[in-house]
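The lines below spell out each chain.
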Amino acid sequence: MKAIVIGGSGQIGGWLLRHLADRGHEAVGTYATVPFPGLHPLRASDREDAAAWLRRQHPQVVFYPAGFTWVDGCERDPATARASNLEEPLNLARVTADLGGRFVYFSTDYVFRGDDGPDSEESPPDPPNVYGLAKLDAERAIAGELGDRALIARTSWVYGPERQGKNFAYQVIRRLVSGEPVMVPSDQRSSPSYGPDVALAAIRLVEEGHAGLVHLAGPEVLSRPEFAGAIAEGFGLDPGPIASKPTAELGQGAPRPLQGGLLTPRLDRILPGLMRPVSLSIDDFLRRLNLGEAWNDPRVGPTA
Ligand SMILES: NC(=O)c1ccc[n+]([C@@H]2O[C@H](COP(=O)([O-])OP(=O)(O)OC[C@H]3O[C@@H](n4cnc5c(N)ncnc54)[C@H](OP(=O)(O)O)[C@@H]3O)[C@@H](O)[C@H]2O)c1
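Residues numbered from 1 in each chain as written. Predicted model: local features only at pLDDT ≥ 70, side-chain atom pairs only at ≥ 80, totals over all residues. Heavy atoms only, no water.

Turning to the overall build of the chain, a few remarks are in order. The helix and strand inventory of the chain stands at 10 helices and 13 strands. In summary, the chain has a C-alpha radius of gyration of 18 Å against a globular reference of 19 Å for 304 residues, a match within 12%. Along the first, second and third principal axes, the C-alpha set of the chain runs to 55 × 40 × 40 Å. Expressed as a percentage of its 304 residues, the buried residues of the chain come to 56%. The long-range share in the chain, meaning contacts at least 24 apart out of those at least 6 apart in sequence, stands at 78%. Accessible surface computed for the chain: about 12400 Å², of which carbon and sulfur atoms make up 49%. In the chain, 31 side chains carry a positive charge and 38 a negative one; their mean positions are 4 Å apart. (Helix = DSSP H or I, 4+ residues; strand = E, 2+ residues; numbered from the N terminus. Rg over C-alpha atoms; globule rule 2.2 N^0.38 Å. Buried < 20%, exposed > 50% of the residue type's maximum accessible area, 1.4 Å probe, protein only. Contact = heavy atoms within 4.5 Å. Areas by Shrake-Rupley, 256 points an atom, 1.4 Å probe, with all protein chains shown as cover. Lys, Arg positive; Asp, Glu negative; His and termini not counted. Charge placed at Lys NZ, Arg CZ, Asp CG, Glu CD.)

In the vicinity of the ligand, 28 residues are found, and the nearest of them are Ser 9, Ile 12, Thr 33, Ala 44 and Tyr 131. Take Gln 11: an N or O atom from its main chain is 2.9 Å from an oxygen atom of the ligand. Within the backbone of Ala 44, one N or O atom sits 2.8 Å away from a nitrogen atom of the ligand. Those elements that provide at least two residues to the shell around the ligand are helix H1 (11–22), strand E5 (102–108) and helix H5 (130–146). The leading source of residues in the shell around the ligand is E5, at three residues. Of the residues contributing to the shell around the ligand, the split by class is 12 nonpolar, 12 polar and four charged. (Near = heavy atom within 4 Å. Polar contact = N/O pair within 3.5 Å; in protein donor to acceptor, adjacent residues only side chain to side chain. Nonpolar A, V, L, I, M, F, W, Y, C, P; charged D, E, K, R; others polar.)

In this structure, Phe 227, Ile 231, Phe 235 and Phe 285 are the most contacted members of the largest nonpolar core, which totals 32 residues. Elements with a minimum of two residues in this core: helix H3 (71–76), H5, helix H6 (168–177), strand E8 (182–185), helix H8 (224–234) and helix H10 (278–290). If near-sequence neighbours (up to four positions away) are discounted, Phe 227 is found in contact with Trp 157, Tyr 159, Phe 168, Pro 192, Leu 222 and Val 278. Membership of the second largest hydrophobic core comes to 31 residues, among which are Ile 12, Ala 202, Ile 203 and Val 206. (Core = buried A, V, L, I, M, F, W, Y, C linked by side-chain atoms within 4.5 Å.)

Further remarks concern the packing of aromatic side chains. One pass over the structure, following the stated rule, counts nine aromatic pairs. For the ring pair Tyr 170 and Phe 285, a centre distance of 5.8 Å and an interplane angle of 50° mean the geometry is tilted. Of this pair, Tyr 170 sits in helix H6 while Phe 285 sits in helix H10, and the two are 115 residues apart along the sequence. Each member of the pair, Tyr 170 together with Phe 285, is buried. Chaining the aromatic ring pairs together yields one cluster made of Trp 157, Tyr 159, Phe 168, Tyr 194 and Phe 227. A cation sits over an aromatic face here: Arg 224 above Phe 168, 4.3 Å from the ring centre. (Phe/Tyr/Trp six-rings, centres within 6.5 Å; stacked < 30°, edge-to-face > 60°. Lys NZ or Arg CZ within 6 Å of the ring centre and 35° of its normal.)

What follows deals with helix H2 (residues 47–57). When we look at burial in H2, the residues that qualify are Ala 50, Ala 51, Trp 53, Leu 54 and Gln 57. End-on view of H2: buried residues confined to an arc of 165°, all on one side of the axis. Residues of H2 that are exposed and angled more than 90 degrees away from the buried face: Glu 48, Asp 49 and Arg 56. In this fold, the buried residues of H2 make contact with strand E1 (2–5), strand E2 (26–31), strand E3 (40–41), strand E4 (61–64) and helix H4 (78–98). The positive-phi residue at the C-terminal boundary of H2 is His 58, with phi of around 50°. (Arc of directions from axis to C-beta.)

The following block contains the structure:
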């Protein structure tokens with residue numbers, strides 16, 4: 001199939017492009033502000049230009065792991081949060097549908113209030129912040145307009161090798177390697193999800209013709225201190241500098257789900273065992289680093 005990955009310079013987008021190529025698909029990725037070789041420059045906020053470029057590409061499937069993903073920034077700038085996470089993907093979803101293609105929108109467990117998670121696809125959403133509300137509205141608008149041409153893939157706490165080296169695992173490893181303290185929320189729980197597996201699951205669902213809402217998340221629910229500790233242990237680092245405080249004392253700009261995380265009953269039926277637990281994912285992360293397949297090594301500092 002011919003695929004477009006809007007946000008190919010990002011964490012999930014990088015893995016989508018790599019898996020698509022490995023699986024014999026034709027794929028073109030885009031970047032907005034961080035260029036990498038082979039990626040096409042595209043800002044979804046330039047709506048007419050972005051739509052015209054997409055029409056020229058004539059894809060069979062568009063993956064959209066993009067948007068304004070800084071949760072505290074969204075709280076401060078709701079207009080940009082809604083434009084970037086709702087209006088811009090909806091614009092390109094409409095173009096994709098006009099072309100007869102399928103559209104994969106990546107969403108989040110932050111659509112849930114997180115009072116009693118983990119939540120399944122059947123749980124009623126109730127976003128606690130601007131980011132989560134924009135993502136939920138986008139889910140509904142895209143699914144409402146595209147029907148069975150849309151796949152809505154919710155994920156949570158994505159980590160693993162990535163080009164830009166920004167995710168939580170990179171932050172923890174870099175700080176521990178350089179002897180700095182690591183402060184994490186003591187009372188936030190969610191499902192750590194290994195980026196390469198999230199991307200592979202999305203591609204396999206598309207290959208097999210699935211549509212609708214699906215949760216793509218790892219099989220465990222951990223607290224932030226447990227997750228940070230597992231990363232330290234997996235990398236052979238002393239977890240001693242990892243400290244924690246309640247969310248209420250951290251001054252984060254946006255409210256967070258505390259009892260969060262995603263149950264994955266649909267994925268477990270379709271692709272059982274695809275999402276690996278943290279221990280196996282960290283083994284894979286290290287293996288890829290040692291083979292030079294991970295783009296960016298957190299043990300040696302930011303290199304991109
Ligand atoms: N990471 C997580 O823990 C997590 C959890 C739940 C849900 N999600 C969802 O999963 C998706 C992917 O997450 P991620 O961690 O891979 O994100 P990421 O690493 O922050 O990547 C975001 C991508 O979007 C691109 N982008 C930003 N603004 C754009 C615009 N206006 N037009 C076109 N492209 C734009 C970025 O390009 P440049 O970098 O080149 O500017 C980048 O390629 C997001 O939709 C996010 O909401 C992520």
